[in-house]
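# Residue-level structure breakdown
Here is what each chain is made of, one letter per residue.
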Amino acid sequence: MQLKKFTGSLLFLLGLYLAFFMHSKIWYSFFVIGGFLFFDDINSKNNFSVLSNKKMFIFVFLIFVIFGVITEIVGNLWLEKWDSDFNSLEYIIHVILISYPFVCFFSLELFVFIKNIFKSKNIILILPVSAFVFGYINEIPNTFAYEWKYKNLPLGEFLGVPILISFLWLLILLTLLFERFFIKSKKNFRRTSPKASLIF
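Residues numbered from 1 in each chain as written. Predicted model: local features only at pLDDT ≥ 70, side-chain atom pairs only at ≥ 80, totals over all residues. Heavy atoms only, no water.

A count of helices and strands for the protein chain gives eight helices and four strands. Listing each helix as α and each strand as β along the protein chain from the N terminus yields α-α-α-β-α-α-α-β-β-β-α-α. For the protein chain, the C-alpha radius of gyration of 17 Å lies close to 16 Å, the compact-globule estimate for 200 residues. By its C-alpha atoms, the protein chain is 50 × 35 × 30 Å across when sized along the principal axes. (Helix = DSSP H or I, 4+ residues; strand = E, 2+ residues; numbered from the N terminus. Rg over C-alpha atoms; globule rule 2.2 N^0.38 Å.)

Counted by the stated rule, this structure contains 33 aromatic pairs. Ring plane angle 35° and centroid distance 6.2 Å describe the contact between Phe57 and Phe61, whose orientation is recorded as tilted. Separated by four residues within a single helix, Phe57 and Phe61 lie in helix 3 (residues 54-78), roughly one turn from each other. When its relative accessible area of 17% is taken as the criterion, Phe61 is described as buried. (Phe/Tyr/Trp six-rings, centres within 6.5 Å; stacked < 30°, edge-to-face > 60°. Buried < 20%, exposed > 50% of the residue type's maximum accessible area, 1.4 Å probe, protein only.)

Where charged atoms from two side chains of opposite charge approach closely, those side chains can pair. The full count for this structure, using the stated rule, is six salt bridges. Here Lys5 makes a salt bridge to Asp41, at a shortest N to O gap of 4.0 Å. In this pair, Lys5 sits in helix 1 (residues 3-20) while Asp41 sits in helix 2 (residues 27-43), placing the two residues 36 residues apart along the sequence. Both residues of the pair, Lys5 and Asp41, count as buried. (Salt bridge = Lys/Arg side-chain N within 4 Å of Asp/Glu carboxyl O.)

Glancing now at the packing of helix 2 against helix 4 (residues 88-117). Axes are the key here: two packed helices are described by the angle between their axes and the distance separating the axes. Running from N to C, helix 2 and helix 4 cross one another at 30°; their axes reach a closest spacing of 8 Å. As for the relative orientation of helix 2 and helix 4, their crossing is left-handed in sense. Counting all contacts with helix 2, which are made through Tyr28, Ser29, Phe31, Val32, Ile33, Gly35, Phe36, Phe39, Asp40, Ile42 and Asn43, the residues of helix 4 involved are His94, Ile98, Ser99, Phe102, Val103, Phe105, Phe106, Glu109, Leu110, Val112, Phe113 and Asn116. The residue inventory of the contact of helix 2 with helix 4, partitioned by class, reads 15 nonpolar, six polar and two charged. (Axes fitted to C-alpha atoms, helices over the stretch in contact; angles between N-to-C directions. Left-handed = near helix turned anticlockwise from the far one by under 90°. Contact = heavy atoms within 4.5 Å. Nonpolar A, V, L, I, M, F, W, Y, C, P; charged D, E, K, R; others polar.)

So, about a nonpolar patch on the surface. Together, Ile66, Val69, Ile70, Ile73, Val74, Leu77, Trp78 and Leu79 line one region of the surface with nonpolar side chains, adding up to about 790 Å² of accessible area. On the secondary structure map, Trp78 appears in helix 3. (Patch = residues over 30% accessible without salt bridge, like charges linked within 9 Å, V, L, I, M, F, W, Y side chains within 5 Å. Areas by Shrake-Rupley, 256 points an atom, 1.4 Å probe, with all protein chains shown as cover.)

Attention shifts here to unusual backbone geometry. At Tyr146, a position not held by glycine, the phi torsion is positive, near 55°. Within the secondary structure, Tyr146 is located in the loop between helix 6 (142-145) and strand 2 (149-150). Within the chain, Leu159 stands out as a residue other than glycine whose phi angle is a positive 60°. You can see Leu159 is positioned in the loop between strand 3 (157-158) and strand 4 (161-162).

A separate point is the side chain of Thr71. With respect to the helices and strands, the residue Thr71 is situated in helix 3. One polar contact links the side chain of Thr71 to the main-chain carbonyl oxygen of Phe67, over a distance of 2.8 Å. Aside from chain neighbours lying at most four places away, what touches Thr71 is Asn76, Trp82 and Tyr100. (Polar contact = N/O pair within 3.5 Å; in protein donor to acceptor, adjacent residues only side chain to side chain.)

Written as structure tokens, this is what we have:
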């Protein structure tokens, strides 16, 4: 197991531990960075890697940060549908600079990984289901840690997660619009078979 995959796995599991057992409000930062690193290592063997293009990574990172700021202004400040216990500095670091951009990168890497496995017409159905499940994977640990708290959302809850939020996670599929920015320089990658890359 390579260093990036090992580090990603460790951070991902640490995030889950902090959520489920320590009820820590910073669990999500470890979780999303870890998941991103893990899948970036796997996808790098299939001619895709967000970290392979540092300039584009920074550019897309800033786009995701802007998306996060807009989402927080609308959902948190304007509609007041969720909140957190972070102070101002923690909020900027863990929510704006880590949570939003890295959950987007995490999802992008995951969806590319899924597309490499299911190369068929069924991908049109598989990707929305994957986004829906991805949402619950992100939300369920938070029901133990409550890094963010939802308020007065309609449609009720399932497994402690607001049903409306679980459907809004489908919007994370929009990260695939940035896929092409990280597959241009195929010459920088060593060609390996898709099957082998899932393991090594």
